[in-house]
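# Notes for the structure review
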Amino acid sequence: MKQVRQLRILSPRFIASILTMLVVMAPVASVLTHAATGSGQRPDWTAPSVMAVRRVSPVASAQNEPNFLDNLDCSLVTYRQAATSTMQTGCFTNTAYGLLDSDSDTVIFNGTDEGLPLLPYSPHQVLAPWPGAEDLVTLDAVNTGGSYISLYKNPLRVTQDQRNLLLQLTAKQLTAPPELALKDAAGQRLVINPETLAFSEGGSWLVVETLGGSFVRINLASLDMTAFAPAFGSQGSPALLKSRVTISSDGHYVAIANDAATSFKVYDLTTCSGTRTNLQPQNCKSYDYRPFLKGQISGLQSVRHVRFINNGLLSFEATSSVPGKGGIYELAPTESITSLIDYLGMGDSYTSGEGAFDYLADTDSTNNMCHLSARSYPLLLTHDLFSTIGGHSVACSGAVINDVSSTSDSYRGQVKDVLSFKEMQQTNPALLTSILTNFAPGYIAQHRFVRQYQPGIITVSVGGDDIGFGDIVQNCVEPHISLHLSDSTCFNTYEDRLELTKLIDRTTPRWTALYKQLQAAAPATRLYAIGYPKVAVDTGSCALNAHLGKSELEFAQEAIDYLNSGIKKAADKAGVVYVDISEALAGHRLCETASYNVAVNGLTAGRDGGVFGIPMFGKESYHPNALGQALIEQTILKQTHNLTQGITSTGTNASTPSTQGLLKAPKSGRIIYTRVPDSNLTAKRAKAGKSTVLKANGLHAGLKAKTTYNVRLDGPAGVSIGLVTTDQDGNIDNPVIIPESTVPGGHTIDITGENQAGEPVDVTGPLYVPVNDNDSDGDGIPDTIDSCPLAVNSGEDNDHDNIDDTCDPLIGSPINPVSPVTSNNPSSGPTNMTTGPSAVSPINTSVNTNNNSAGSPGASQTNSTSTTISPTVNSTLNTELSTTVRGLTISAESPPATVKSFMISNGRIMSPASSTPLTNTKLNSARFLGTATTNPAMVATKTFRHSPYKAKLNGLHNQFPELRIINWLPWILIPVIAVLLLLLVLLCLRYMARRGTQNEYTSPEY
């Protein structure tokens, strides 16, 4: 008997198997698709199936252009002409050595506000700035039309001072011809149309129209040339047709708009084929967008200021014969143009939340000390306002303006041992993609995130470190905590204070240029320039951790006012909204209320910045704590109507304050120096009688090459301790010996001499001289057990947290200690949890301890973390002041109040009650950065100030039952998915082969 059975391909079991696989794979496929899109798929500029254009502003750009080289960007700067009192205005482009005006060949070197003519080697040359670089381009006119183009690799090596009969410096003269004359493959000098000269962002590529018949792209590292498009002009032509030109940062795309030829083409240089001689254009794909734009912009007349914002987005300015149709537009080969994120926070330590602790993983490590806190005001704003595509912060402690704005491809970030942007592009693009995708702070210039994601809203607060504000506070505090220097007062002369005001004045044009750069990088973005809060008052009673005298407190308030006035002046000039937060911490500042009620840390002994294993001045010192960050957030929300509009009423810094109070100090009669703060000038710690190495960047400080400078202790009028000589680039790398007679404690080290502008310069940085190796402060307590290793202990510990009140950032009211919280790291320091008004509520975190090196961000993607944040506001006021913190009013009658908690899970802000994402964004969390935030027990007892440690999952849920891990990374599933896909393919192949056939199974016959 034969039994015949037909296999049904669409059997219920088969369908169930397929559906199960699809259900498992769907979320992973979504993640992988999103990752692929986010990593930057190539835009199809040369064969767009769809196109989009949108007007982002009805008014012209705030960016300026030189009159002659009008494909370059420049900023209007008012400066004093050398050897005169005449004030002039020019349009300057930023370079590594200063600002250069190509129209007048005037340079304003770093560290000065004086303009010096930079005289070319031959009188018929024009000097063209190489944006962000120390190199220089020269153009020599050709009598048949156009210009030869040449390069200086370092022009400062061949400059010579020009002086008048009074020996005043009047100009700089280039004394040698350029090193490189650009030539074609046949060895003929390149003749170009100079008005088409365009650099890529980062300075790695140059594109220009040659008068030999083509546009060429030049690799400025190798000088390789690629001809890709026909030229509009030629040698001997009576007039050169003006083209607007731009090249993408990676050199892949070039856009050329020419109104006379009614053309707006985008070229893809990765598609070029064929070898041509004499720079004749290769076959390169292109697409003309002019017809599309004419159909979208009524009355389109001309196009100018064309720029690649990123590889997939162009911006340009259009003029139109139809009123109301001109303005700034964006163009993309996509269906629509939208912001990829709602909000981006940018800036330095006051923005990163340093001082609020609870740092996101790997932003508090030896390599990366960005100290980005989950309680920082950008992340509070993200939680409270943005529920669609979310917000992020890339703020990093210690950031200066250049760390936000740098366009140089050689920029190496603030993280130790990291590749430059160009090196990552060439050798490790996956690392660069990971940094951009995960918003990792400190690795690349912050503005690159703006170009990549086009945020709807940006807040930026930076500049405090450019004037050395942290070092100023440290220099003021250290004498008061020393056994030997307690009677010293900082900035106690008119000259000291005048130098600071001049430094702020010199920084103001750089703020303006930064705001304009961010506007150009994201034309549709609403930009807010955030000032700085006052952290102390000169009235009332100061706690033991304040360490500032009355005159120093007055000086600090006046200095912050003047700093904010510079920021506001720059914001007004750039046309962006200034947000005044100077009074955000009112009622909670140092010396204004009880220490446990302040919104600012006092002196904090920190493990960071340590030298030879000895902790230095804690970076969290004199920074807003968690309450301070919440108060700043509320001030920003109030002044900007929840970031929806500009300021409707002026703040306290609406007008420039008088310098009368700031300069109220006796005159010493010494000369006035150009102050250049440099936190990295020394190793910050050196023993008396021993040597320390001085390192200074000559370009940054404006130092002259092969010049001798004096090294002094404690200011430009201090004692001379040696001489150093700069190298051919103006850099200093020399050892000096600290005299045996140097009194232990805090000092400054100062390099004095003449800068490039002929002015007296003082490059200054902090230096600490210990009493001995074992007891730095000489108070009789060995450093190994001293809670304040650099400050003489007071012997008081009012909140019983085993930290002397001298360096306790938040001193609680006198209470009885409770039972200590068990720590899984006995060496982490005291763990007594305080109660009452001074207690800091735990920040709940669940931690994946599979930590990776901070220097390798891409290696940490296999980690998963969820973090429940309870930003508790504990504030029992001893005044009648009432304030509102994140929608919660607290006053003298109010009990300690807890702000609504939220959860950061795998980078997403979640509601702990429902685990529903409040945003679709990702923070800089453990998905990318390794382990999670500081251990809750440490936060609760403030022991993170000494030895924070990484908590372990084992047993953590028992100790903190509210903690949950709610995400696990899809990367773990990739091998499983691959196997499932393989099985699925095999199954499909097998059943397709049998489709429509029958299998016969015959039973044996007996």
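Before any of the text, the structure's been laid out above.
Owing to the predicted nature of the structure, the values given are computational and were not obtained by experimental measurement.

Criteria and cut-off values
Residues numbered from 1 in each chain as written. Predicted model: local features only at pLDDT ≥ 70, side-chain atom pairs only at ≥ 80, totals over all residues. Heavy atoms only, no water. Helix = DSSP H or I, 4+ residues; strand = E, 2+ residues; numbered from the N terminus. Contact = heavy atoms within 4.5 Å. Axes fitted to C-alpha atoms, helices over the stretch in contact; angles between N-to-C directions. Parallel < 35°, antiparallel > 145°, perpendicular 65-115°, else oblique. Left-handed = near helix turned anticlockwise from the far one by under 90°. Pairing = 2+ DSSP bridges. 1 Å grid on protein atoms, 1.4 Å probe; cavity = no way out; pocket = protein on both sides within 12 Å on 5 of 7 lines; lining within 4 Å. Points joined across faces, edges and corners; volume = space filled by probe spheres on them. Nonpolar A, V, L, I, M, F, W, Y, C, P; charged D, E, K, R; others polar. Disulfide = S-S within 2.5 Å. Buried < 20%, exposed > 50% of the residue type's maximum accessible area, 1.4 Å probe, protein only. Expected span 1.5 Å × (residues − 1). Patch = residues over 30% accessible without salt bridge, like charges linked within 9 Å, V, L, I, M, F, W, Y side chains within 5 Å. Areas by Shrake-Rupley, 256 points an atom, 1.4 Å probe, with all protein chains shown as cover. Salt bridge = Lys/Arg side-chain N within 4 Å of Asp/Glu carboxyl O. Phe/Tyr/Trp six-rings, centres within 6.5 Å; stacked < 30°, edge-to-face > 60°. Lys NZ or Arg CZ within 6 Å of the ring centre and 35° of its normal. Core = buried A, V, L, I, M, F, W, Y, C linked by side-chain atoms within 4.5 Å.

## Focus on the overall build of the protein
Along the protein, the regular secondary structure elements total 17 helices and 45 strands. A sequence separation of at least 24 residues applies to 66% of the contacts in the protein between residues at least 6 apart.

## Focus on the packing of helix H4 (residues 377-385) against helix H12 (residues 626-640)
The interhelical angle for the contact between H4 and H12, taken along N-to-C directions, is 55 degrees, at an axis separation of 9 Å. Between H4 and H12, the angle is such that the two are oblique. Note on packing geometry: the crossing formed by H4 with H12 is right-handed. Here Tyr377, Leu380, Leu381, Asp384 and Leu385 of H4 lie close against H12, whose contacting residues are Gln629, Ala630, Ile632, Glu633, Ile636 and Leu637.

## Overview of the sheet that holds strand S20 (residues 263-268)
Across the sheet, four strands lie side by side as S18-S19-S20-S21; this open sheet has antiparallel pairing. The open sheet has two edge strands with one neighbour each: strand S18 (244-247) and strand S21 (286-288). Across this sheet, the average inter-strand angle for adjacent strands is 15 degrees, counted without regard to direction. Across four bridges, the pairing between S18 and strand S19 (residues 253-258) is antiparallel. Looking at S19, one finds that Ile247 is bridged to Val254.

## Details of empty space enclosed by the protein
The probe, sized like a water molecule, is rolled over the atoms to show the empty space still left. What the rule picks out here adds up to nine cavities of 30 Å³ or more. Its boundaries defined by the atoms lining it, the second largest cavity holds a volume of some 130 Å³. For the lining of the second largest cavity, the leading source of residues is helix H11 (residues 550-574), giving five residues. Residue classes in the lining of the second largest cavity are distributed as twelve nonpolar, no polar and one charged.

## Observations concerning the state of the cysteines
In the structure shown here, the tally under the stated rule is six disulfides. In this model Cys788 forms its disulfide with Cys807; the gap between the sulfur atoms is 1.9 Å. Since a negative S-S torsion denotes a left-handed disulfide, the Cys788-Cys807 link at about -90 degrees is left-handed. Taken together, the positions of Cys788 in the loop between strand S36 (760-769) and strand S37 (844-846) and Cys807 in the loop between S36 and S37 put the pair 19 residues apart, joining distant regions of the chain. Residues Cys788 and Cys807 agree in their burial class; the two are buried. Taken N- to C-terminal, the disulfide-bonded cysteines of the protein are connected 1-2, 3-4, 5-6, 7-8, 9-10, 11-12.

## Notes on unusual backbone geometry
Backbone geometry at His305 places phi at a positive 50 degrees, although glycine is not the residue there. Its location among the elements puts His305 in strand S22 (residues 300-310). When its relative accessible area of 6% is taken as the criterion, His305 is described as buried.

## What to know about the sheet that holds strand S30 (residues 674-677)
If you trace the five strands from one edge of the open sheet to the other, you get S30-S36-S35-S32-S33, paired in mixed fashion. Where the open sheet ends on each side, the last strands, each with one partner, are S30 and strand S33 (719-725). Averaged over neighbouring strand pairs, the angle between their axes works out to 30 degrees when direction is ignored. Pairing geometry for strand S32 (residues 708-713) and S33, over six bridges, is antiparallel. Note on S33: the bridge partner recorded for Thr708 is Thr725. Contacts between helix H9 (residues 469-477) and the sheet are confined to S30, strand S35 (745-754) and S36, with S36 contributing the most and set at about 55 degrees to the helix.

## Points about H11
End to end, H11 covers 37 Å across 25 residues, agreeing with the expected 36 Å (1.5 Å per residue, within 8%). Just beyond H11, the residue with positive phi is Gly575, at close to 80 degrees.

## Focus: the pairing of strand S24 (residues 327-332)
In terms of burial, S24 is largely enclosed, as six of its six residues are buried. Of the strand pairs in this sheet, strand S2 (residues 52-57) and S24 are connected by five bridges, and their pairing is antiparallel. Within S24, the residue paired with Ser57 across the bridge is Ile328. Pairing geometry for strand S23 (residues 313-320) and S24, over five bridges, is antiparallel. Each residue of the ladder has a partner; that of Phe316, found in S24, is Tyr329. Hairpin remark: S23 followed by S24, antiparallel, with six residues in the connecting loop; positive phi at Gly324, about 85 degrees.

## A short note on a nonpolar patch on the surface
Nonpolar side chains collect at one region of the surface, where Val979, Leu982, Leu983, Val985, Leu986 and Leu989 lie side by side and expose about 560 Å² of accessible area between them. Along the chain, Val985 falls in helix H17 (residues 974-994). Relative accessible area serves as the criterion here: at 45%, Val985 is assigned to the partly exposed category.

## Let's talk about the packing of aromatic side chains
If you walk through the whole model with that rule in mind, you get 17 aromatic pairs. Seen from their ring centres, Phe316 and Tyr329 are 5.8 Å apart, and the 10 degrees between their planes marks the pair as stacked. Of this pair, Phe316 sits in strand S23 while Tyr329 sits in strand S24, placing them 13 residues apart in sequence. Relative accessible area serves as the criterion here: at 1%, Phe316 is assigned to the buried category. Look at Tyr329 and you get buried, because its relative accessible area is 6%. Aromatic rings pair up to connect Trp45, Tyr253, Tyr287, Tyr289 and Phe308 into one cluster. Across from the ring centre of Phe421, 3.5 Å away, lies the NZ or CZ of Arg448, which sits over that ring.

## Describing the environment of Tyr287
Along the chain, Tyr287 turns up in strand S21. Residues Tyr287 and Ser263, spaced 24 residues apart in sequence, show a C-alpha to C-alpha distance of 9.7 Å. Other than its neighbours up to four places away in sequence, Tyr287 contacts Trp45, Thr46, Pro48, Met51, Phe264, Lys265 and Val266.

## Some remarks on the nonpolar core
Membership of the largest hydrophobic core comes to 93 residues, with the highest contact counts inside it found for Leu344, Met346, Ile444, Phe449 and Tyr515. By residue number, the principal contributor to this core is H11, which donates ten residues. With residues up to four places along the chain from it excluded, the contact list for Ile444 reads Tyr411, Phe421, Met424, Leu432, Ile435, Leu436 and Phe449.

## Some details on the environment of Ile108
Positionally, Ile108 belongs in strand S6 (residues 106-109). With a relative accessible area of 5%, Ile108 lands in the buried category. Spatially, the C-alpha atom of Ile108 lies 9.6 Å from that of Gln81, the residues being 27 residues apart in sequence. Discounting chain neighbours no more than four positions away, the residues touching Ile108 are Val77, Tyr79, Phe92, Tyr97, Gly98, Leu99, Asp113, Glu114 and Gly115.

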